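# Structural overview
The residues making up each chain are set out below.
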Amino acid sequence: ADQSFICVDGLSIKYGCTVPSYAEAEVIRTMMQRTNGPISLLADSSKWGVVSNIEIGRLDQFTRLIIDNGINEEALREISNQNLDLIIANKIHSTENR
């Protein structure tokens, strides 16, 4: 792939990026190995500090982290010390019925 987008169930500086199952971890690791371009990590702020069963990698193995603006200041400081771009997405609430 030219790039990939990876979602995780937990992320922390100490324990890295984690998912609940070995099978899911293997698929993600294979995707990461076969990606020739940027690898983006997608997570909402509730995942910060959560540790799931299987580590798929460290934060610095990703090109960028895309996370919502609910992330706290302490976490932002920790993330800023990692070798990755940080994109903070705003929460959008729609009042339209679809």
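Let us look at the structure shown here. Not measured: the values here are computed from a predicted model. (Residues numbered from 1 in each chain as written. Predicted model: local features only at pLDDT ≥ 70, side-chain atom pairs only at ≥ 80, totals over all residues. Heavy atoms only, no water.)

## Some words on the pairing of strand β6 (residues 64-68)
Rules: Between buried and exposed lies partly exposed: a residue is buried under 20% and exposed over 50% of the maximum accessible area for its type, with that area taken using a 1.4 Å probe on protein chains only. Strands here mean DSSP runs of E at least two residues long; helices mean DSSP runs of H or I at least four residues long; both are numbered from the N terminus. A pair of strands is treated as paired once DSSP finds two or more bridges between them. If you view a crossover with the strands going away from you and the path from the first strand over the helix to the second runs clockwise, you call it right-handed.
Burial runs high along β6: 4 of the 5 residues are buried. Where β6 meets strand β7 (residues 85-89), 5 bridges bridge the pair, whose relative direction is parallel. Opposite Arg-64, over in β7, you have Asp-85 as the bridge partner. Taken together, β6, helix α2 (residues 73-80) and β7 form a β-α-β motif whose crossover is right-handed.

## Looking at the sheet that holds strand β5 (residues 54-57)
Just so we agree on the cut-off: Geometry is summarised by axes, namely lines fitted to C-alpha atoms with helices restricted to the contacting stretch, and by angles between N-to-C directions that run from 0 to 180 degrees. Any two residues having at least one pair of non-hydrogen atoms within 4.5 Å are treated as being in contact.
Pairing in this open sheet of 3 strands is antiparallel, and the strands run β2-β3-β5 from one edge to the other. Pairing within the sheet leaves two strands with one partner each, and these edge strands are β2 (10-12) and β5. Recorded for the sheet is a direction-independent mean angle of 35 degrees between the axes of neighbouring strands. Against the sheet, helix α1 (residues 22-33) engages β3 (16-19) and β5, with an angle of about 5 degrees to β5.

## Digging into the pattern of salt bridges
Should the charged atoms of two oppositely charged side chains come close, the side chains can pair. Selection criterion: Put simply, a salt bridge is a Lys or Arg side-chain nitrogen that is within 4 Å of an Asp or Glu carboxyl oxygen.
This structure, assessed with the given rule, holds 3 salt bridges. Notably, a salt bridge pairs Arg-29 with Glu-26, separated by 2.8 Å at the nearest N-O pair. Of this pair, Arg-29 and Glu-26 both sit in helix α1, 3 residues apart, roughly one helical turn. Under the relative-accessibility criterion, Glu-26 is labelled partly exposed at 30%. The residue Arg-58 makes a salt bridge to Asp-60 at a minimum N-O spacing of 3.0 Å. In this structure Arg-58 comes out as partly exposed when scored by relative accessible area, which is 46%. Overall, the relative accessible area of 34% leaves Asp-60 in the partly exposed class.

## Structural notes on the nonpolar core
The criterion, for reference: In this text, buried Ala, Val, Leu, Ile, Met, Phe, Trp, Tyr and Cys residues form a nonpolar core when linked through side-chain atoms within 4.5 Å.
Ranked by size, the top nonpolar core spans 22 residues in total, and within it Ile-6, Val-8, Leu-11, Leu-41, Ile-56 and Phe-62 carry the most contacts. Elements with a minimum of two residues in this core: β3, α1, β4 (39-43), β6 and α2.

## Points about the sheet that holds β4
In space, the 4 strands of this open sheet follow the order β1-β4-β6-β7, with parallel pairing throughout. In this open sheet, the two strands that pair with only one neighbour each are β1 (4-7) and β7. Strand-to-strand twist across the sheet, computed as the mean angle between neighbouring axes with direction ignored, equals 25 degrees. The strands touched by α1 within the sheet are β1 and β4, with β1 carrying the most contacts at an inclination of about 155 degrees.

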